[in-house]
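Summary of the model geometry
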Amino acid sequence: MISILDPAQGSTGSGLVERMRHAFSTDGKLAASPQFEYRPQQQRMAELVARALERNHALVVEAATGVGKSLAYLLPAVEHALEHRRKAIICTHTINLQEQLIHKDLPIVRKLTGDFHAELLKGRGNYLCPSRLKNAFSHSGDLFSTSEAAELQLIEDWFRQNPGGTLSEMDFTPGARVWSLVCSEPHACTPRRCPPGSGCVYQDVRRRMAEADVLVLNHTLFFTLLASADETLAEDANFIFPRDFVILDEAHTIENIAAKAFGLHLSESNVRFELGRLFNPKTRKGFFQSLGEQEGIREVCQAVGLAETFFREAEAACKFSGPYGKEYRVREPGLLEDTLSLPLQRVARYAQKAGDAARSDGQKLEILDIAKRLNALRATLAAFLDQTEEGHVYWAERGGGDNRVLSFHSAPIDVSPQLENIFFTGKKACVFTSATLGIGDDTALSYFRNRVGAHKAEAATLESPFDFQKQMRLYLVKKMPEPASPDYAAALQEKISHFLTLSQGRAFVLFTSYSQMTAQADRLEEFCEDNGWRLLVQGRGMPRHQMLSEFKKDTHSILLGTDSFWTGVDVPGESLSNVIITRLPFAVPDHPVTASRLEHLEEQGLNPFTEYSVPEAILKLRQGVGRLIRTRQDHGIVAILDPRLLSKPYGRAFLASLPDCPTEMV
């Protein structure tokens, strides 16, 4: 196989930029494929990425739908990695894109460059560890209830048939407690305990990861690896590995993912879970039971009771807004007296003592790890109650089926300084890309760059090659009752029904409120049934991926969705011919993270509505509208049922950000 690195293939120069210009030209290697369409935007993006890699600098590039950005960054990235013996880290937000890169795009690149080693990396907890599985079986009588033991046998049977499989590939979902005792964890799944030939999926992947030229992973895992690499970072590592470089696709999600990664998180279920691994008072199973640690069992039982009391007192102190209130912002340290840290510390000491005395290496490692986790929970709790992290917003959340599982969180109000330090300080090659980074006429992408600290990064905007004048029609409504009006629900139903009729179903209806979505689902049910259209509603028993699959198969179906269907969903073809957006997607200002960001801007003398709320809503609206046209063959309509686009001054900024297409007002 001849690589395009070979100048004999008609390259007009030896530099990576020139080679990319030729590769994506009308007479380059890609043009030999009957599926290839010359797109100057794709060619330009490949050149920009190549230049950033060659010069070791940062690039922020918006590549609209249809540009073909995956190949435009993969080809120069693989070429650069192979030529200079560097590791390319490709990060995405969605599993769908990761699988597309591994199974579709990288095989195309391989035909052009010659063979290379690419790995898809998942979070460690997705991989089963045979040594932990064996250890769990050897103590199953003391660790597991009858149903849990049966589940353990199911895992063992499945793994025997699927020795390289991961959690997401299982045909059943194991319980959290059982899986926690058999999946890969740092304490018990080590290169020494799981050497080559042991069948350990994670350690095999880890060894391949070290040798790989290209790694594909998600944003959250990237930040996890970055945090764990801090103490062992190689001198020549830019991020995680020696001389690596990173490309972050779907980069519009980075600010929120980084805020979560840099924050504190502790939940009532975490505490119960770790204590229950030592001893579960209901099932009377656990490591302390296995070792006959009666004093430890008493301490766990006492800690479980004190944890219940602590979290109920915390819930009362939070003063949630009504029985359905989800978040409560904790503005001052000392929300309540810390009556939980000491019980956790006592249990951790017993666990440390029991682990040191354990005869089995497997049990020793498991119990010592639980001791470490309990101490980490105690430290997180103290940091939350004392609010030790400066520049963070702190809040409590309620969740679970009965809305009574409490959790504590914090997040940096402004992540840009940390992201600037990670990605944009010094000479580091990194590329941030997405179909939506700009807002309206913001060709310099200044809003996004300011949010992520990319002030000095090169910026570029590449328009879509699609012909929106022919492929798409936009409908705007002049008048609608206010959402608080008693007439609003009926008017919304009427408008949705009208536009569903225009497209004969085949539509996404996107909502900003879950309650409003379910109310409209009830109203639309009979109308859809009369027309023979299947109605799929998010949250009504069907997982997201299955809903999408059913929607694609039934070409006249209708899907009602909220937040997760606005982005990262790809439905080319006639199944999706209409996107109905019920309201402009302004973030709820009472969520603690959003509220703190607005306050932060106000403290700087800026208008938080125009500087944050509007730009964020524009980006999300662009994502929602972008669900419609995915290929040159797609045609359809978008209906935005929010009259503020026409009645409010800021509506012009929203309209300026949308594709240039025929527009009709109704």
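The residue numbers shown here count from 1 along each chain, following its written sequence. Residue-level local features of this predicted model are given only where pLDDT is at least 70; pairs of side-chain atoms are given and counted only at 80 or more, and the full residue set underlies all totals for whole chains, interfaces and linings. Excluded from the side-chain calculations are hydrogens and water; all other atoms, namely the structure's heavy atoms, are used.

Moving on to the overall build of the protein. A count of helical and extended segments in the protein gives 26 helices and 18 strands. What you see for the protein is a C-alpha radius of gyration of 27 Å, in line with the 26 Å of a compact globule of 666 residues. Out of the 666 residues in the protein, the part that is buried amounts to 54%. Each accessible area is a Shrake-Rupley result for a 1.4 Å probe, and residues are judged covered by the shown protein chains and nothing else. Carbon and sulfur atoms provide 50% of the accessible area of the protein, an area that totals close to 29500 Å². As used throughout, the charge tally considers Lys and Arg to be positive and Asp and Glu to be negative, leaving His and the chain termini uncounted. A single reference atom marks each charge: NZ on Lys, CZ on Arg, CG on Asp, CD on Glu. For the protein, the separation between the mean place of its 75 positive charges and that of its 83 negative charges on side chains is 2 Å. Each helix is a run of DSSP H or I of at least 4 residues and each strand a run of E of at least 2, with the numbering of both proceeding from the N terminus. C-alpha atoms define the radius of gyration in this analysis, and the globule rule sets the expected value at 2.2 Å times the number of residues to the power 0.38. Burial classes follow relative accessibility: with a 1.4 Å probe on protein chains only, a residue under 20% of its type's maximum area counts as buried, one over 50% as exposed, and anything between as partly exposed.

Turning to the sheet that holds strand S3 (residues 118-120), a few remarks are in order. For two strands to count as paired, DSSP must find a minimum of two bridges between them. Pairing is parallel in the open sheet, where seven strands are placed in the order S3-S4-S2-S5-S10-S1-S11. Since the sheet does not close on itself, it has two edges, and those belong to S3 and strand S11 (458-462), each with one partner. Ignoring strand direction, the axes of neighbouring strands in this sheet form an average angle of 15 degrees. For this analysis, residues touch if any pair of their heavy atoms sits within 4.5 Å. For helices, the axis comes from a line fit to the C-alpha atoms of the stretch in contact; other axes are also lines fit to C-alpha atoms, and the angle between any two N-to-C directions lies between 0 and 180 degrees. Against the sheet, helix H10 (residues 219-228) contacts strand S2 (88-92), strand S4 (214-218) and strand S5 (245-248), and its axis sits at roughly 110 degrees relative to S4.

Attention now moves to the packing of aromatic side chains. For this analysis, a ring pair means two rings from Phe, Tyr or Trp (six-membered ring only for Trp) whose centres lie within 6.5 Å, classed as stacked if their planes differ by under 30 degrees, edge-to-face if by over 60, and tilted for the remaining angles. Taken as a whole and assessed by the stated rule, the structure comprises 27 aromatic pairs. Aromatic pair phenylalanine 384 and tyrosine 394: ring centres 5.8 Å apart, planes at 65 degrees, arrangement edge-to-face. Pair noted here: phenylalanine 384 is in helix H16 (residues 361-386) and tyrosine 394 is in strand S8 (residues 392-399), with a separation of 10 residues, a long-range link. Assigned by exposure class, phenylalanine 384 and tyrosine 394 land together as buried. Whether a charge lies above a ring is judged from NZ of Lys or CZ of Arg, which has to be within 6 Å of the ring centre and within 35 degrees of the ring normal. One Lys or Arg, arginine 544, reaches over the ring of phenylalanine 565 and ends 5.3 Å from the middle of that ring.

Okay, the confidence of the model for the protein next. Values of pLDDT, the confidence the predictor places in each residue, fall between 0 and 100. Looking at the protein as a whole, its pLDDT mean stands at 90, while 96% of the residues score no less than 70. This stretch, residues 1-13, has a pLDDT under 50; its non-local contacts, to residues over four places away or in other chains, come to 28 contacts.

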